[in-house]
Amino acid sequence: MIHRKKKNLLEMVPVLKENLKIDHENQRLIVPRTNFIERFSIRFLKQPTERKIQLDDLGFFVIRHIDGKSTVLELANVLETQLGEKAAPVLERLVKFLQILESYDWLSWKEK
């Protein structure tokens, strides 16, 4: 859940964690596996060292536009301008997507 004190969510700036990579060719978010259990499974169970999260068009568009400078409202405006009806309802879908990113700890917030 996105928790903010006295600051409207629309005025907050989402920032992707630095260890994440974007695979532009395949529309994927590449997430390194770094916690203890994941490192164990990589070493002993020969699991991959990173997770590849396939994104839909909206998710990929949002990920590419999270630049650490744009507010949620600015992202929503760009989404609506670029994708139009394909992104409707824009604000609700954007906020839900950002909540999911935050729940996996792939996103942090700062004030503009």
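Draft legend 1. How the structure looks around the pattern of salt bridges. Tallying each qualifying case throughout the model produces four salt bridges. Notably, a salt bridge pairs glutamate 50 with lysine 21, separated by 3.9 Å at the nearest N-O pair. With a gap of 29 residues between them, glutamate 50 in strand β4 (residues 50-54) and lysine 21 in strand β2 (residues 21-23) connect regions that are remote in the sequence. The exposure class assigned to glutamate 50 is partly exposed, which follows from its relative accessible area of 27%.

Draft legend 2. Examining helix α3 (residues 72-83) more closely. Relative to the 16 Å expected for 12 residues at 1.5 Å per residue, α3 spans 16 Å between its end C-alpha atoms, a close match to the ideal helical length. For α3, the full list of buried residues reads Val72, Leu75, Ala76 and Leu79. An end-on view of α3 places all buried positions within 100 degrees of arc, on one side of the element. Residues Thr81 and Gln82 are exposed on α3 and point more than 90 degrees away from its buried face. Tucked into the core, α3 has its buried residues touching β1 (12-16), α2 (57-65), α4 (90-103) and β5 (107-111). With its phi angle positive at about 55 degrees, glycine 84 sits one or two positions after the end of α3.

Reading guide: rules and limits
- Residues numbered from 1 in each chain as written.
- Predicted model: local features only at pLDDT ≥ 70, side-chain atom pairs only at ≥ 80, totals over all residues.
- Heavy atoms only, no water.
- Salt bridge = Lys/Arg side-chain N within 4 Å of Asp/Glu carboxyl O.
- Helix = DSSP H or I, 4+ residues; strand = E, 2+ residues; numbered from the N terminus.
- Buried < 20%, exposed > 50% of the residue type's maximum accessible area, 1.4 Å probe, protein only.
- Expected span 1.5 Å × (residues − 1).
- Arc of directions from axis to C-beta.
- Contact = heavy atoms within 4.5 Å.

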